[in-house]
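This is what each chain is made of:
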Amino acid sequence: MEKLIITAAITGAELDKTVCPALPLTPDDQAKASKEAVDAGASIIHLHVRDDQGKPSQKLEHFERSVAAIQKSCKTNPIIQFSTGGAVGETINNRISSLSLKPPMASFNLGTMNFGEDIFVNTFADMRAMAEAFKKYNVVPEFEIYDAGHIDNLKKLIKEKMVEPPYHCQFVLGVPGAMSGDISGLVHLIDRLPKDSTWGVAGIGRFELPLAVHAILMGGNVRVGLEDNIYYEKGRLATSNAELVSRITRIAKEVGRDIASPIEARKLLNLP
Ligand code: KMH
Ligand code: ZN
């Protein structure tokens, strides 16, 4: 089996410190959280950024300052994967503008869906605009798949020659309004992937751990972090992103799956 690539989704756009005191919001806190997560086994940092008030932002200057802080704190050069999802309601132009900073990788959301009480909009026109921007700035997409139909959307973009292999797919399961985190659903999604795909899974809330354990055994990759799940166990908040990452590293090692370093993850994902 390939080595396990662990992504730490450290911040997200939905939560604040009132629900999760450990959530890193400032560049310095993100740098500390990233270092701890990388030391615990993460090779990718999935990055959302905030403004000075702690509100979600897609501004270039906010990405730049967080990236600089993370790169300074992490000596092993983790892959910093920008979010182009941002917060619900953000315009597509703002969402893709940060690609001009040429991160090695960024998220690419594959469809419109209910997102809790909101609607997360990703029309085909939006997706084509995203694909153009990814190509223009030579950024490798990670395709975010929240529902089975999103794989059909990816196949449509492939047919239109908007995107190229290999297709790195992240199943984000358990968002209220999209597909839940049942293992039978995960198996169905894996079966339907286009050829030349890699896959990983990000379980939301209580789905994080069981989906991660299955992915470790099935040869997929794993995303954990406070963006997706703020609890270490029922009734007990996680104290850090690293706490969630170290549990995955521990379990993977116990079942004989080695962890990819950032250099190895870059190779596995064909990143520059
Ligand atoms: N905040 C969500 C609406 C991504 O990072 O690309 C979208 C999201 C996905 O978090
Ligand atoms: Zn995200």
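A brief report on the enclosed structure follows.

The rules behind each value
Residues numbered from 1 in each chain as written. Chains lettered and ligands numbered in written order. Predicted model: local features only at pLDDT ≥ 70, side-chain atom pairs only at ≥ 80, totals over all residues. Heavy atoms only, no water. Near = heavy atom within 4 Å. Polar contact = N/O pair within 3.5 Å; in protein donor to acceptor, adjacent residues only side chain to side chain. Areas by Shrake-Rupley, 256 points an atom, 1.4 Å probe, with all protein chains shown as cover. 1 Å grid on protein atoms, 1.4 Å probe; cavity = no way out; pocket = protein on both sides within 12 Å on 5 of 7 lines; lining within 4 Å. Sits in = over half its atoms within 2 Å of the grid points. Nonpolar A, V, L, I, M, F, W, Y, C, P; charged D, E, K, R; others polar. Pairing = 2+ DSSP bridges. Helix = DSSP H or I, 4+ residues; strand = E, 2+ residues; numbered from the N terminus. Axes fitted to C-alpha atoms, helices over the stretch in contact; angles between N-to-C directions. Contact = heavy atoms within 4.5 Å. Left-handed = near helix turned anticlockwise from the far one by under 90°. Donors = N, O, S within 2.8 Å, 3.2 Å for Na, K, Ca; no water. Buried < 20%, exposed > 50% of the residue type's maximum accessible area, 1.4 Å probe, protein only. Phe/Tyr/Trp six-rings, centres within 6.5 Å; stacked < 30°, edge-to-face > 60°. Salt bridge = Lys/Arg side-chain N within 4 Å of Asp/Glu carboxyl O.

**Considerations on the site of ligand 1**
Ligand 1 sits among 13 residues. The nearest are Glu14, Ser83, Gly86, Ser107 and Asn109. Interatomic distance of 3.1 Å between a side-chain N/O atom of Glu227 and an oxygen atom of ligand 1. Look at ligand 1: alone it shows 300 Å² of surface, and the protein chains cover 97% of it. When atoms are counted within 2 Å of each cavity's grid points, the one that captures over half of ligand 1 is the largest pocket. Taken together, the residues of the shell around ligand 1 sort by class into 4 nonpolar, 7 polar and 2 charged.

**Some thoughts on the sheet that holds strand E5 (residues 79-82)**
If you walk around this closed barrel you meet the 8 strands as E1-E2-E5-E6-E9-E10-E11-E12, and the pairing is parallel. Mean inter-strand twist for the sheet, computed between neighbouring axes without regard to direction, equals 25 degrees. The strands touched by helix H4 (residues 124-136) are strand E6 (105-109) and strand E9 (140-145); relative to E6, the strand with the most contacts, the crossing angle is about 165 degrees.

**Quick look at the packing of helix H7 (residues 208-218) against helix H8 (residues 241-254)**
In contact at an axis separation of 10 Å, H7 and H8 are set at 35 degrees when each is read in the N-to-C sense. The way H7 lies across H8 gives a crossing that is right-handed. Taken together, the residues of H8 that come into contact with H7 (itself represented by Glu208, Leu209, Ala212, Val213 and Ile216) are Leu244, Arg247, Ile248, Ile251 and Ala252. Broken down by class, the residue content of the contact of H7 with H8 amounts to 8 nonpolar, no polar and 2 charged.

**Digging into the coordination of the zinc ion (ligand 2)**
Protein-derived ligands of the zinc ion (ligand 2) are His46 (NE2), His48 (NE2) and Glu227 (OE), with the metal-ligand distances lying across 2.1 to 2.2 Å. Between consecutive donor residues of the zinc ion (ligand 2), the sequence gaps follow H-x1-H-x178-E. Of this pair, His46 sits in strand E2 (residues 44-47) while Glu227 is found in the loop between strand E12 (221-224) and strand E13 (231-233), placing the two residues 181 residues apart along the sequence. For the pair shown, His46 and Glu227 are each scored as buried.

**Structural notes on the packing of aromatic side chains**
With the rule as written, the count across this model stands at 7 aromatic pairs. On the numbers, 5.1 Å between centres and 55 degrees between planes, the contact of Phe108 with Phe143 is tilted. Residue Phe108 is found in strand E6, and its partner Phe143 is found in strand E9; the two are separated by 35 residues along the sequence. Exposure remark for Phe108: the relative accessible area of 0% places this residue in the buried category.

**Observations regarding the pairing of E6**
Of all 5 residues that make up E6, 5 are buried, and the element is covered over most of its length. In the sheet, E5 pairs with E6 via 2 bridges, with the strands oriented parallel. Bridge pairing in E6 places Gln81 opposite Met105. By the bridge criterion, 5 bridges tie E6 to E9 in an arrangement that is parallel.

**Some details on the pattern of salt bridges**
Per the stated rule, a full pass over the model turns up 11 salt bridges. The salt bridge partner of Glu144 is Arg223, with a shortest N-O separation of 3.8 Å. Taken together, the residues span a long stretch of sequence, with Glu144 in strand E9 and Arg223 in strand E12 at a distance of 79 residues. Its relative accessible area of 2% is what places Glu144 among the buried residues. Here Arg223 falls in the buried class, since its relative accessible area comes to 3%. Where Arg236 meets Glu243, a salt bridge forms, and the shortest distance between an N and an O atom there is 2.9 Å. Salt bridges sharing common partners tie together Glu144, Arg223, Glu227 and Asp228.

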